[in-house]
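Each chain is listed here by its residues.
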Amino acid sequence: MTATIIDGKAFAASVREKVAEHVTRLQEEHGITPGLAVVLVGEDPASQVYVRNKGKQTLEAGMNSYEHKLPAETSEADLLALVEKLNADPAVHGILVQLPLPDHIDEEKVINSITPAKDVDGFHILNVGLLGTGQKSMVPCTPLGCLMMLRDQLGSLSGLNAVVVGRSNIVGKPMAQLLLRDSCTVTIAHSRTKDLADVCRGADILVAAVGRPRMIPGDWVKPGATVIDVGINRIDAPEKGEGKTRLVGDVDFDSAKEVAGAITPVPGGVGPMTIACLLANTVTACCRANNLPEPEGLTA
Ligand SMILES: Nc1nc(=O)c2c([nH]1)NC[C@@H]1CN(c3ccc(C(=O)N[C@@H](CCC(=O)O)C(=O)O)cc3)C=[N+]21
């Protein structure tokens, strides 16, 4: 059997289209334009991959994009002062501080200084707590994108065995919360998990978010399972020429696609959905800030 390839790129385009329609409505009916501020400190390569497409897509969706690029030596105090300014700016509905931050800056302190209602990453402790207790919150973009693809693929997730490989605050933990909320039986596995292969083989839904290139081979995948590959790993690709690189996921796509029922590719899977959900969260934050109905189908 060969798996259905889940087209994250096309799915993301349809999400962005819904976002754009909602933005038009906000402008025409209320004279409001959602605004997203992105703060980048230093020059982490993964963050640059992300930023490249994001500003463009924000503008394409009809929203305002405010980019703040700060040098790597920026002090924590200066960064906190910028966040305070953005918190107070009524034109800014969403704030994203690119991670990772340089070592001399306390990431948790910065994230928790963002007004929770503008925290479009959903990383603030208040949003984490709201999600964990099933209350309305801002939901982290990558897990939200994964959930949208899973619901689209499977309809109901109720009762399915979901295994999330990876326990990060950014992906693994919030993903598990969302799957639990959709009534999956959820296992969070990680590098220390005993018999990881067997744990994965029990998964109807397998979400890989470990950050290790092609770590999960096809024989860890249950026949017919839905596989969501969150990994975006850049590896050498000498076959493309000297010094060339390419992106691969945490799943060995070639072997896994022979076993899975459906699988997301890398690139073109989760990555584009992450950005689309960032735009969706910005519209959601803007609607909430203005006591307007939230866009349908764009929230968890
Ligand atoms: N506060 C914060 N929030 C984030 O969400 C965040 C962050 N910091 N720091 C960096 C990581 C990385 N990240 C990506 C999102 C989309 C693609 C993406 O669209 N990837 C394309 C490939 C792009 C290419 O071809 O290079 C794809 O998978 O198809 C990649 C990486 C979000 N991050």
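- The chain has the name Bifunctional protein FolD in an unreviewed UniProt entry, where Thioclava sediminum is given as its organism.
- Check the Function (unreviewed entry) section of the UniProt entry for the chain; it says "Catalyzes the oxidation of 5,10-methylenetetrahydrofolate to 5,10-methenyltetrahydrofolate and then the hydrolysis of 5,10-methenyltetrahydrofolate to 10-formyltetrahydrofolate."
- The record in UniProt for the chain states the following under Pathway (unreviewed entry): "One-carbon metabolism; tetrahydrofolate interconversion."

1. Some remarks on the UniProt feature "domain: Tetrahydrofolate dehydrogenase/cyclohydrolase catalytic" (unreviewed entry) in the chain
Part 1 of the reasoning: Mapped onto this structure's residue numbering, the UniProt feature "domain: Tetrahydrofolate dehydrogenase/cyclohydrolase catalytic" (unreviewed entry) falls at residues 6-121.
Part 2 of the reasoning: The distance separating the terminal C-alpha atoms of residues 6-121 is 24 Å; by composition the span is 49% helix and 16% strand.

2. As for the sheet that holds strand β2 (residues 35-41)
Part 1 of the reasoning: The strand order across the open sheet formed by three strands is β3-β2-β4, and the pairing between neighbours is parallel. The open sheet terminates on both sides in strands that have one partner only, identified here as β3 (64-70) and β4 (94-97). The average undirected angle you get between the axes of adjacent strands in this sheet is 15°.
Part 2 of the reasoning: The pairing of β2 with β3 spans seven bridges and is parallel. Along β3, the bridge assignment pairs alanine 37 with tyrosine 66.
Part 3 of the reasoning: Packed on one face of the sheet, helix α3 (residues 76-88) meets β2, β3 and β4 and runs near 180° to β2.

3. Side note on the site of the ligand
Part 1 of the reasoning: Around the ligand, a shell composed of 17 residues is seen, among which Tyr50, Val97, Leu99, Asp121 and Gly268 lie nearest.
Part 2 of the reasoning: In the environment of the ligand, a nitrogen atom lies 3.2 Å from a nitrogen or oxygen atom belonging to the side chain of glutamine 98.
Part 3 of the reasoning: Within the backbone of leucine 99, a nitrogen or oxygen atom sits 2.7 Å from a nitrogen atom of the ligand.
Part 4 of the reasoning: Here the ligand, which alone exposes 680 Å², has 82% of that area covered by the protein.
Part 5 of the reasoning: More than half of the atoms belonging to the ligand lie within 2 Å of the grid points that define the largest pocket.
Part 6 of the reasoning: Looking at side-chain class alone, the shell around the ligand contains eleven nonpolar, four polar and two charged residues.
Part 7 of the reasoning: Taken domain by domain, the shell around the ligand gets at least three of its residues from each of domain 1 (30-119) and domain 2 (141-272).

4. Quick look at the layout of surface pockets
Part 1 of the reasoning: For the largest pocket, the calculated volume is near 1400 Å³.
Part 2 of the reasoning: The wall of the largest pocket is formed by 49 residues, among which Ala46, Tyr50, Ile232, Gly271 and Thr274 lie closest to the centre.
Part 3 of the reasoning: A per-class count over the lining of the largest pocket returns 25 nonpolar, 14 polar and ten charged.
Part 4 of the reasoning: When residues of the lining of the largest pocket are assigned to domains, at least three fall in each of domain 1 (30-119) and domain 2 (141-272).
Part 5 of the reasoning: Taken as a whole, the second largest pocket encloses approximately 420 Å³ of empty space.
Part 6 of the reasoning: Contributing elements (two or more residues each) for the lining of the second largest pocket: α4 (107-111), α5 (125-132) and α7 (172-181).
Part 7 of the reasoning: In terms of residue count, the dominant contributor to the lining of the second largest pocket is α5 (five residues).
Part 8 of the reasoning: A class-by-class count of the residues in the lining of the second largest pocket yields nine nonpolar, six polar and three charged.
Part 9 of the reasoning: Both of domain 1 (30-119) and domain 2 (141-272) provide at least three residues apiece to the lining of the second largest pocket.

5. Focus on a positive patch on the surface
Part 1 of the reasoning: There is a patch of like positive charges on the surface, built from Arg52, Arg234, Lys240 and Lys244.
Part 2 of the reasoning: By secondary structure assignment, the location of lysine 240 is in the loop between β9 (233-236) and β10 (245-248).

What counts, and where the lines are drawn
Residues numbered from 1 in each chain as written. Predicted model: local features only at pLDDT ≥ 70, side-chain atom pairs only at ≥ 80, totals over all residues. Heavy atoms only, no water. UniProt positions renumbered as here; feature names shortened; annotations may be inferred. Helix = DSSP H or I, 4+ residues; strand = E, 2+ residues; numbered from the N terminus. Pairing = 2+ DSSP bridges. Axes fitted to C-alpha atoms, helices over the stretch in contact; angles between N-to-C directions. Contact = heavy atoms within 4.5 Å. Near = heavy atom within 4 Å. Polar contact = N/O pair within 3.5 Å; in protein donor to acceptor, adjacent residues only side chain to side chain. Areas by Shrake-Rupley, 256 points an atom, 1.4 Å probe, with all protein chains shown as cover. 1 Å grid on protein atoms, 1.4 Å probe; cavity = no way out; pocket = protein on both sides within 12 Å on 5 of 7 lines; lining within 4 Å. Sits in = over half its atoms within 2 Å of the grid points. Nonpolar A, V, L, I, M, F, W, Y, C, P; charged D, E, K, R; others polar. Domains from an automatic or database assignment. Points joined across faces, edges and corners; volume = space filled by probe spheres on them. Patch = residues over 30% accessible without salt bridge, like charges linked within 9 Å, V, L, I, M, F, W, Y side chains within 5 Å. Salt bridge = Lys/Arg side-chain N within 4 Å of Asp/Glu carboxyl O. Lys, Arg positive; Asp, Glu negative; His and termini not counted. Charge placed at Lys NZ, Arg CZ, Asp CG, Glu CD.

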